[in-house]
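Close look at the chain arrangement
The primary structure of each chain is shown beneath.
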Amino acid sequence: LAVGDGRSLRDSSPLQIFVKAKKKINDIFVEIEDYVRDAVAYVQSLQQERSIVKSDDAVQVEGYIVKVKGIRDVLMRDHMKVAFFGRTSNGKSTVINAMLREKILPSGIGHTTNCFLQVEGSDSGESYLVTEDSTEKQNVKSVGQLAHALCKEKLGESQLVHIYWPKDKCLLLRDDVVFVDSPGIDVSPNLDEWIDRHCLDADVFVLVSNAESTLMLTEKNFFHKVSTRLSKPNIFILNNRWDASASEPEFLDEVRAQHMERAVSFLVKELKVCTQKEANERIFFVSAKEALQARLLEQKGQPAHSGALADGFPNRYFEFQDFERKFEECISKSAVRTKFDQHSQRGKLIVTEIWTIMDGTYDQAQQLRTEKAVAKKEIHDKLNFTEQQLLLLTQEMKDKIRQMVEDVEQRVSKALSE
Ligand code: GTP
Ligand code: MG
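Here's what I pulled together on the structure shown here.

Reading the values: the criteria
Residues numbered from 1 in each chain as written. Chains lettered and ligands numbered in written order. Predicted model: local features only at pLDDT ≥ 70, side-chain atom pairs only at ≥ 80, totals over all residues. Heavy atoms only, no water. Helix = DSSP H or I, 4+ residues; strand = E, 2+ residues; numbered from the N terminus. Rg over C-alpha atoms; globule rule 2.2 N^0.38 Å. Buried < 20%, exposed > 50% of the residue type's maximum accessible area, 1.4 Å probe, protein only. Areas by Shrake-Rupley, 256 points an atom, 1.4 Å probe, with all protein chains shown as cover. Lys, Arg positive; Asp, Glu negative; His and termini not counted. Charge placed at Lys NZ, Arg CZ, Asp CG, Glu CD. Donors = N, O, S within 2.8 Å, 3.2 Å for Na, K, Ca; no water. Contact = heavy atoms within 4.5 Å. Near = heavy atom within 4 Å. Nonpolar A, V, L, I, M, F, W, Y, C, P; charged D, E, K, R; others polar. Core = buried A, V, L, I, M, F, W, Y, C linked by side-chain atoms within 4.5 Å. Pairing = 2+ DSSP bridges. Phe/Tyr/Trp six-rings, centres within 6.5 Å; stacked < 30°, edge-to-face > 60°. Lys NZ or Arg CZ within 6 Å of the ring centre and 35° of its normal. Axes fitted to C-alpha atoms, helices over the stretch in contact; angles between N-to-C directions. Parallel < 35°, antiparallel > 145°, perpendicular 65-115°, else oblique. Left-handed = near helix turned anticlockwise from the far one by under 90°. Salt bridge = Lys/Arg side-chain N within 4 Å of Asp/Glu carboxyl O.

Here's the deal with the overall build of the protein chain
Looking only at helices and strands, one finds twelve helices and nine strands in the protein chain. The C-alpha radius of gyration of the protein chain comes to 39 Å, more than 25% above the 22 Å expected for a compact globule of 418 residues. Across its three principal axes, the protein chain shows a C-alpha extent of roughly 160 × 50 × 45 Å. Sorting the 418 residues of the protein chain into buried and exposed places 43% on the buried side. Roughly 23,800 Å² of accessible area belongs to the protein chain as shown, and the carbon and sulfur atoms make up 54% of that amount. One way to put it: in the protein chain the 58 positive side-chain charges average out to a point 1 Å from where the 65 negative ones average out.

As C-alpha cells, then:
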C-alpha cells in the first residue's frame, strides 16, 4: 500500500510465510514446554506412591524436558538456506551481492571464491567472520578486508567460512535467509564431499550459468549427483551475463529460446525435479552485475538506470526482481514444509505420549481407589458383625446375669422362709 513504507513492503514478502510459521511453531513449543513441566511436577508429586506412577513412566515424562528443549534450540536456529553453484566466473558471488544489495562477497575475473562462504544475519549489528575450526570473531568492514582475511587463512575448498552481516542492512538476512557461495564446480574434484557437507540441508539451489555459452556437462553432472541424494531438490537456473546479448540483438530471441529449451529439458526430462510449467518459473535471464550496480545507485538515492548500461536493462532488471520473488516464494514454502513439518510431528508425538502416560496413571489411580473402597467395606462389614456379636453377647450376658440374680433371689427368699 504505502510505497516506501519498509514495514508494509516487508509484510507482503513471501518470506513472511516462513517467518510467521516459525513464530507460531515457537509459541506452540512454549506451550508444550509448559505442559511437560506441569506433567513432570505432577508425576514427581505422585512418586511417593509408587503404585500409582510406574518409575519407567516417570523417567519417560522427565525425559521430554530435554527433548522439547532440543527441538526449541533447533527451531531457534532454523533458517532458509540457498546454495549457489556454477562454473568459475559465471557470477555466483555477484548474484548474491545483488540480492544482498551490497558488495559483501569478493568477486572478480579469474578464480575468486576458494572456499564455501555462508552469509547470514548477525543480531548484534556487527559484521564479522568465523572460520570452520575456530570460534574467533574476525572483524569485517569491507570486501577488500574480507578477501584479505580469506586469503591469509589458507582454507581448503570444502571448508566453510561463516560471514555474519547486520540483519538491519538486508531484508533477506532479517527474515532468516542464509546464502551459501561456493567455488566454481569446474575447479573441484571433491563434489561428493561438497554435497555431503553443504547441500543436504539446502532448501533451494541456484545454478548460475553463463548465458554467453551454455549449460556445461560439469554443471549438469553436479546436479545429477545432488538429485540422487535429495528427492526433488528445488533448482533455479539463472542465465547470467544476459547483458552480453545486447551486443547481438539480432540473435537475442533465438539464443534465449535455445537456452530455455535446454534448461527446461535438463530440469524436466533429465533431473525430473519439476514439471514443464514449473520449469518456466525456475529459469531466468539476468545480469547480476547490472542488478548490483542498480541497487548500489538506488541506495545512494540515484535512479537505477543512471549508470552506463547496455540496451534492454529494464527488462533484465525486472527479470532479476521476478526471480527474487519466485525464489522467496519457493524457499519459504519449502523450508516450512521440510523443517516445521518434522517439528510439529514430534511435538504432537510428545503430547500424545504424555497423554497416554497420564491416562494410564489415572486408570491406575481409579483402580487403587476401588480396591481401597472394597477393602474398607470389608472392614466395615467385619466391624458390624463384631458389633452385633457383641450386642448379642452382651444381651446374653445380661439375660444370664438377670437369671442368676433371679435365681439367687429365689434361693435367698426360699432359704429365708425355711
Ligand atoms: P568464482 O568465485 O571465481 O567461482 O566466480 P563467481 O561465479 O563468483 O563470479 P563473480 O561473481 O566473481 O564474477 C566474475 C566476474 O564476472 C566479475 O568481474 C563480475 O563483475 C562479472 N560479472 C558477474 N555477473 C555479470 C553479468 O551479469 N554481466 C557481466 N557483464 N559481468 C558479470
Ligand atoms: Mg565467487
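Remarks on the coordination of the magnesium ion (ligand 2)
Every protein donor of the magnesium ion (ligand 2) is accounted for by Ser93 (OG) and Thr113 (OG1), and the metal-donor separations fall at 2.0 to 2.1 Å. You can see serine 93 sitting in helix 4 (residues 92–100) and its partner threonine 113 sitting in the loop between helix 4 and strand 2 (116–122), a full 20 residues away along the chain. For serine 93, a relative accessible area of 6% translates into the label buried. Its relative accessible area of 9% is what places threonine 113 among the buried residues.

Some details on the environment of leucine 191
With respect to the helices and strands, the residue leucine 191 is situated in helix 7 (residues 191–199). Distance in space between the C-alpha atoms of leucine 191 and asparagine 221 is 9.7 Å, their sequence separation being 30 residues. Leucine 191 has contacts with Ile185, Phe222 and Lys225, leaving out every residue within four places of it along the chain.

Structural notes on the site of ligand 1
Contacts to ligand 1 come from 22 residues, most closely from Lys92, Thr94, Thr112, Thr113 and Arg241. Computed on the free molecule, ligand 1 has an accessible area of 640 Å², of which 90% lies beneath the protein chains in the complex. Those elements that place two or more of their residues in the shell around ligand 1 are helix 4 and helix 11 (288–299). Considering every element that reaches the shell around ligand 1, the biggest residue donor is helix 4, with three residues. In the shell around ligand 1, the residues fall into two nonpolar, 15 polar and five charged.

Considerations on the nonpolar core
Grouped together as the largest cluster of nonpolar side chains are 72 residues, with contacts concentrated most on Val82, Phe84, Met99, Ile163, Phe179, Val206 and Phe327. Ranked by size, the runner-up nonpolar core spans 34 residues in total, among them Trp194, Phe205, Phe223 and Met260.

Remarks on the pairing of strand 2
Across the seven residues of strand 2, seven count as buried, placing the element largely inside the fold. For strand 2 and strand 5 (residues 160–166), the ladder comprises seven bridges, and the chain directions are parallel. Residue valine 119 lies in a different strand from strand 5, and its bridge partner there is isoleucine 163. In this structure, strand 2 lies alongside strand 6 (residues 177–181), joined through three bridges in antiparallel fashion. Bridging from a neighbouring strand, leucine 117 pairs with aspartate 181 of strand 6.

Side note on the packing of aromatic side chains
Taken as a whole and assessed by the stated rule, the structure comprises 19 aromatic pairs. Ring centres 4.9 Å apart and planes at 90° place the aromatic pair phenylalanine 116 and tryptophan 194 in the edge-to-face group. Remark: tryptophan 194 occurs in helix 7 and phenylalanine 116 occurs in strand 2; sequence separation between them is 78 residues. Each member of the pair, phenylalanine 116 as well as tryptophan 194, carries the same accessibility label: buried. Ring plane angle 15° and centroid distance 5.4 Å describe the contact between phenylalanine 313 and tyrosine 317, whose orientation is recorded as stacked. A residue pair is termed a helical-turn pair when its members lie 3 or 4 positions apart in one helix, as phenylalanine 313 and tyrosine 317 do in helix 12 (residues 313–417) at four residues. Among the aromatic residues, those joined into a ring-pair cluster are Phe85, Phe116, Trp194, Phe205, Phe222 and Phe223. For the cation-ring pair, lysine 137 lies above tyrosine 128, with the distance from its terminal atom to the ring centre recorded as 4.7 Å. Looking at arginine 282, its charged tip hangs above the ring of phenylalanine 236, at a distance of 5.1 Å from the centre.

Some details on the packing of helix 2 (residues 16–46) against helix 3 (residues 55–77)
Between helix 2 and helix 3, whose axes approach to 9 Å, the crossing angle comes to 160°. Looking at the two axes, helix 2 sits roughly antiparallel to helix 3. The handedness of the crossing between helix 2 and helix 3 comes out as left-handed. When grouped by side-chain class, the residues that make up the contact of helix 2 with helix 3 number 16 nonpolar, two polar and five charged.

Regarding the side chain of asparagine 26
Its location among the elements puts asparagine 26 in helix 2. For asparagine 26, a relative accessible area of 12% gives the class buried. The contact partners of asparagine 26, leaving out residues within four places of it in the chain, are Arg72, Leu75 and Met76.

Some remarks on the pattern of salt bridges
Summed over all chains, the structure comprises 23 salt bridges. Notably, a salt bridge pairs aspartate 176 with lysine 22, separated by 2.9 Å at the nearest N-O pair. Taken together, the residues aspartate 176 in the loop between helix 6 (171–174) and strand 6 and lysine 22 in helix 2 connect sequence positions 154 residues apart. Residue aspartate 176 is classed as buried on the basis of its relative accessible area, which comes to 19%.

Any functional reading would require information that these geometric values do not contain.
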